[in-house]
Amino acid sequence: MDYSIDELISVCISRQIEDHEVVAQGIATPLVAAGYLLAKMTHAPDVTFLSAIGQALCRDWAPLGVATIEELWIGRGLLTVSFVQAACDLLPRFGPKEFFRPGQVDPCGNFNNVYIGGSYETPRLRLPGSGGIPDVTVFEENVLLYVPRHGRHTFVEQLDFKSGLGHDTQRRAGRGPRYLVSDLGQFDFEPQSGRMRLISLHPGVTLRRVQAKTGFELLVSDKLLETVPPTERELKLLREAIDPLGVRTLETLSGAARRERLRALLQKERLQLSEGEFHADRHLF
Amino acid sequence: MDYSIDELISVCISRQIEDHEVVAQGIATPLVAAGYLLAKMTHAPDVTFLSAIGQALCRDWAPLGVATIEELWIGRGLLTVSFVQAACDLLPRFGPKEFFRPGQVDPCGNFNNVYIGGSYETPRLRLPGSGGIPDVTVFEENVLLYVPRHGRHTFVEQLDFKSGLGHDTQRRAGRGPRYLVSDLGQFDFEPQSGRMRLISLHPGVTLRRVQAKTGFELLVSDKLLETVPPTERELKLLREAIDPLGVRTLETLSGAARRERLRALLQKERLQLSEGEFHADRHLF
Amino acid sequence: MDKTKSLDEAVLLVQDGDTLALGGMTIYRRPVAFVHALITRDNPPQDLTLLAFTGGFASDLLVGAGLIRRSRTCYFGLETFGLAPMFTQAVREGRLEIIEESEASIACGLRATMAGVGFMPSRAWQGTDMLRVRPDVMTICDPYSDERLTAFPAIDCDVAVIHVLRADRSGNAVLGGNPTIDLELSMVAKRLILTAETVEDELPGPIDLPGLAVTAVVHAPRGAWPTSCYPAYPIDGEAILDYISACNAGQFSNYLLTSWIQ
Amino acid sequence: MDKTKSLDEAVLLVQDGDTLALGGMTIYRRPVAFVHALITRDNPPQDLTLLAFTGGFASDLLVGAGLIRRSRTCYFGLETFGLAPMFTQAVREGRLEIIEESEASIACGLRATMAGVGFMPSRAWQGTDMLRVRPDVMTICDPYSDERLTAFPAIDCDVAVIHVLRADRSGNAVLGGNPTIDLELSMVAKRLILTAETVEDELPGPIDLPGLAVTAVVHAPRGAWPTSCYPAYPIDGEAILDYISACNAGQFSNYLLTSWIQ
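**Digging into the sheet that holds strand 4 (residues 77–80) of chain A**
Residues and elements named next belong to chain A.
Alright, step 1. Taken in spatial order, the 10 strands make up an open sheet running 4-3-2-1-5-10-11-12-13-14, and their pairing is mixed. Every interior strand has two partners, whereas the edge strands, strand 4 and strand 14 (219–226), have only one. Taken over all neighbouring pairs, the strand axes of this sheet differ in orientation by 25 degrees on average, direction set aside.
Alright, step 2. Both strand 12 (residues 185–189) and strand 13 (residues 196–201) contribute to a ladder of 5 bridges, which runs antiparallel. Bridging from a neighbouring strand, phenylalanine 187 pairs with leucine 198 of strand 13.

Laid out in structure tokens, this is it:
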């Protein structure tokens, strides 16, 4: 069965989730949301979500949306908290598993979501900022990364700014990222050196291509595997139950192409809304 | 109209409350609860309660109870918080007005709710403890005291333990108690010395009697007044609306007499419960 | 995940030397049935540190039965019903070590533990005698204002027992009233036991305590008696007065053996 | 106490040099109507410090209109809709000072202010570059463990504006969704303005924000548009895309003047 790269990434994310875990999800990360929901519908039914949107511990879920993204979480919370409580109490206490999307990542899994190029004061590109990344990566055990568009601009020898702590000599608790998935392959971090290591190539991707698109020298596992493609069931769940709109595709696009896709998705979503499909269980409306 | 000393104390407490204030109430202080509710029903309709029982900001109220004391607050809260939030965030932020009942009080309004006599390790009498007193008296502007049974065991030259901070040289913020009411009179604290000063004798009480029952030298105001007795309306509200059971009388009793009164109140309360009087607006039952 | 256990199984989770926390407050929603089963189990645990926001009826039973070596609460008594008799007696006789606490010291200590830091700063206690009897509590200098602040140390908890109105099999729970410090206790305890008036398959949200950290869920109807479980039942004031009378007459042990009828 | 005011009256509460906090999050429940009225008032305030958990649509308008001197947020963007155009441009051109924040620095700073202390300690930031760009944030030594901790300074706020689903005349309010940091903001702000989809005489409990500290309540139906106000309306994604297109075409000022139709 044919699949797209966004689907493969969400499936890889799903496979990193174990049952009974607490998983946290940041904002604007539909590939991660789709992956978590896929895990819940397959091998991890007792996973608990800690959602940035809605600020709640959630067990239930709704299909992904754009204008209606809040439907995924609000009103479904087991326990709703303030973000102050989440940042000070819940995140340190539960140390959830979380996938982050770095703006830049270095060979040891340090990463950057603050700025790229120029100086801090007048950067070439200011990124949105670090969110909770410099807070939790300094103590968490379960940090994972994903990069929807693998390129030398993202995988760099030297970060412009270190907002996410990797396998770094400055670390005093927790551990650096355990895993990274991109549109080209899957990676872990070699225990001794803490350096990024290719462990699996996605079907059709060559080692040479991965190395060419990585801005530093890549370790390669002795037992390099090929990523197992999505199963028919996984694809069916992603396409029909979890994300019929296709919100997950947004992360593989940028600029004007992304905004075009957004307009199309918004139209489709509005149509569904007017047909009541999304309203079925919205008891609050 | 005849009145009892518990009623006079609650009326004095009520008269210290201003409209729009936040007032906090500790546990086992029915004279204070009665006073606050009386204020709300007379001159301070917009007072907000911060209740130790139920841990909520409340606008509504129910009549005082013993076995059903939780009815007064739970289910009526505008905003229910944990006691951790209350102690760390709300109490410092809102600095509510609060009446405390000291186990001992010294001439400068420092007070003690920890132990009396003997040593800290093996006290003659261990009191329940300090609750939030050493937390809020160090910064609050609106600390007030009440003593239902004025005596030399309570008003002492030297405390066994200072858990409540008065007009003390060690103070760095806030101020010591502004006011104290006992069963004999009303007091303020002289601004220069910070010493307790009699400003009003309750009807029928002599200055000599107050001094004899106070274990330190008492300042007396140049304009010593007589406490204005409760009005008919105040008494009617206390007896019929706020505290028909008479829970407020408990604080004027001790030991076996108090336990006898408790048994009588519990019987009366149970009778009312079975007749549904307390259940009228208990929608949660 | 089904976490239900019997009361007899659950009381075995408390071990010698543990810091044992009790949920609820004074005479509201205390885990009394659990405490009674703990006291009457074979080889009840010894040398416990009691942790509670307020000590009340259930805590007094533990002190009377001799399970508690030291107590950390900001209040220990029976509210309108008076002093806690076994506590008061044990302190007078020097048989109970007290770690003097206040609302702020407990609140800050729990927040420090959740945050994974050693302390939380506060204005509380400065100028009072509290610091004198807690020489372990340090005073620090605020690096921004140079003000002296109290550095309340993190509070550890081995096992917490919380009585709740409703729980589900995975340990999600609705308290019913008086949140006190139960959510925070549930987050710092290494083992967490819920006793519940009712146990359902799955509670719908919103709930008050998440089941994530729960070790055991015990069905214990009227498990807070004679303290209240709002709104299921009020305080049984007569039973509390009977307890005080028994203790005042030196009959604590008999009370446990003969008077435990609801 | 009736605290209702018109939008025109309320925007006068913001003064030159204020730290202005916006409630809600990114593109959810932002006080957009208020921000628009603030920008278009006579003599709009200058030299503001923007404080928000996340900067989003409303914050980008303020930056574009030149009211903001410095910004303190842990994220500034439009989530799935991409970068915040006026923010990104202002930073690139060095016209906006950033006080770099994270979730923890804002959360700890607000808790410090509520507690009346200068800082709250945290493990956050240690080992990252955050401390390098925030030399004002001090590192302290945990007096119990000797561990190095970050001492996040208290955060002050002159005026906070929070859009809510329902409010009453005295300022009690129900948020509708996404509590974010709105309760804490409401407690640290010296002046507190609510804009509300509906204003009632008296809301029954439970509410999310107490009216105690509220300065003004403004009736502002669809006042969060084009951000969402759950569950009253979702995000107007097309309007946000139109905004981005206008900004990318250098038409920010025209957008404010001509495109403000709902």
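Still to come is the rest of the account.
**Brief notes about the interface of chain C and chain B**
Alright, step 1. Taken together, the contacts link 58 residues of chain C with 59 residues of chain B.
Alright, step 2. Across the chain C to chain B interface the summed buried area is about 5100 Å²; carbon plus sulfur atoms make up 59%.
Alright, step 3. The tally of links between chain C and chain B comes to 4 salt bridges.
Alright, step 4. With its nearest N and O atoms 2.9 Å apart, the salt bridge here joins Arg263(B) to Asp242(C).
Alright, step 5. Our count for the contact surface shared by chain C and chain B stands at 28 residue pairs in polar contact (both at pLDDT 80 or more).
Alright, step 6. Elements with a minimum of two residues in the side of chain C that touches chain B: helix 4 (85–92), helix 5 (103–115), helix 6 (130–133) and helix 8 (237–248) of chain C.

**Some points on the state of the cysteines**
Alright, step 1. Scanning all chains against the criterion turns up 0 disulfides over all chains.
Alright, step 2. No disulfide involves Cys88(A); its sulfur sits 4.1 Å from that of Cys108(D), the nearest cysteine.
Alright, step 3. Here Cys229(D) stays unpaired: no disulfide links it, and the sulfur of Cys58(A), its closest cysteine neighbor, is 19 Å away.

**As for the sheet that holds strand 7 (residues 138–141) of chain D**
Residues and elements named next belong to chain D.
Alright, step 1. One open sheet holds the 3 strands; their spatial order is 6-8-7, and the pairing between them is antiparallel. Of all strands in the sheet, those bounded by a partner on one side alone are strand 6 (119–122) and strand 7. Going from strand to strand, the sheet's axes swing by 40 degrees on average, the running direction of each strand aside.
Alright, step 2. Here strand 6 runs beside strand 8 (residues 148–153); their pairing, made up of 4 bridges, is antiparallel. When the sheet's bridge partners are listed, serine 122 is paired in strand 8 with threonine 150.
Alright, step 3. Most of the contacts of helix 5 (residues 103–115) go to strand 6, to which it runs at about 140 degrees, and overall it touches strand 6 and strand 8.

**As for the domain arrangement of chain C**
Alright, step 1. With domains assigned, chain C is organised as domain 1 (7–100 + 156–254) and domain 2 (119–153).
Alright, step 2. Using only C-alpha atoms to locate each centre, domain 1 of chain C and domain 2 of chain C end up separated by 30 Å.

**A closer look at the packing of helix 2 (residues 32–40) of chain D against helix 3 (residues 57–64) of chain D**
Residue and element names in this part refer to chain D.
Alright, step 1. Their axes nearest at 9 Å, the elements helix 2 and helix 3 cross at an angle of 5 degrees. Comparing their axes, helix 3 and helix 2 come out roughly parallel. Here helix 2 contributes Val32, Val35, Leu38 and Ile39 to the contact with helix 3, which in turn contributes Phe57, Ala58, Leu61 and Leu62.
Alright, step 2. Grouping the constituent residues of the contact of helix 2 with helix 3 by class yields 8 nonpolar, no polar and no charged.

**Let's talk about the relation of the copies chain C and chain D**
Alright, step 1. Turning chain C through 180 degrees and shifting it by 0.0 Å along the axis lays it on chain D, with an RMSD of 0.0 Å. Look at the turn and shift together and you get a two-fold axis relating the two. It is Met120(C) whose C-alpha, among those of chain C, lies nearest the rotation axis, at 3.4 Å.

**Digging into the pattern of salt bridges**
All names here are of chain C.
Alright, step 1. If you walk through the whole model with that rule in mind, you get 58 salt bridges over all chains.
Alright, step 2. Its salt-bridge partner being aspartate 201, residue arginine 169 comes within 2.9 Å of it at the nearest N-O pair. Of this pair, arginine 169 sits in the loop between strand 9 (157–168) and strand 10 (173–174) while aspartate 201 is found in the loop between strand 11 (189–200) and strand 12 (216–219), placing the two residues 32 residues apart along the sequence.

**Structural notes on the confidence of the model for chain A**
Alright, step 1. On average, residues of chain A score 94 in pLDDT, and 96% of them are at 70 or above.
Alright, step 2. In this model residues 278–285 of chain A is a low-confidence stretch, pLDDT under 50, and it forms 19 contacts with partners more than four residues away in sequence or in other chains.

**Comments concerning the interface of chain C and chain D**
Alright, step 1. Each side of the interface is counted separately: chain C has 21 residues, and chain D has 21 residues.
Alright, step 2. With both sides pooled, the region where chain C packs onto chain D buries about 1700 Å², and carbon together with sulfur makes up 67% of that total.
Alright, step 3. Of all residues in chain C, Phe119(C), Pro143(C) and Tyr144(C) bury the most surface against chain D, accounting for 35% of the area lost on that side.
Alright, step 4. Taken together, chain C and chain D are joined by 8 residue pairs in polar contact (both at pLDDT 80 or more).
Alright, step 5. Those elements that provide at least two residues to the side of chain C that touches chain D are helix 5, strand 6 (119–122), strand 7 (138–141) and strand 8 (148–153) of chain C.
Alright, step 6. Grouping the amino acids of the side of chain C that touches chain D by side-chain chemistry returns 14 nonpolar, 3 polar and 4 charged.

Reading the values: the criteria
Residues numbered from 1 in each chain as written. Chains lettered and ligands numbered in written order. Predicted model: local features only at pLDDT ≥ 70, side-chain atom pairs only at ≥ 80, totals over all residues. Heavy atoms only, no water. Pairing = 2+ DSSP bridges. Helix = DSSP H or I, 4+ residues; strand = E, 2+ residues; numbered from the N terminus. Axes fitted to C-alpha atoms, helices over the stretch in contact; angles between N-to-C directions. Contact = heavy atoms within 4.5 Å. Buried area = accessible area lost by both parts, 1.4 Å probe. Salt bridge = Lys/Arg side-chain N within 4 Å of Asp/Glu carboxyl O. Polar contact = N/O pair within 3.5 Å; in protein donor to acceptor, adjacent residues only side chain to side chain. Disulfide = S-S within 2.5 Å. Domains from an automatic or database assignment. Parallel < 35°, antiparallel > 145°, perpendicular 65-115°, else oblique. Nonpolar A, V, L, I, M, F, W, Y, C, P; charged D, E, K, R; others polar. Least-squares fit on C-alpha atoms with pLDDT ≥ 70 in both. pLDDT = per-residue confidence, 0-100.

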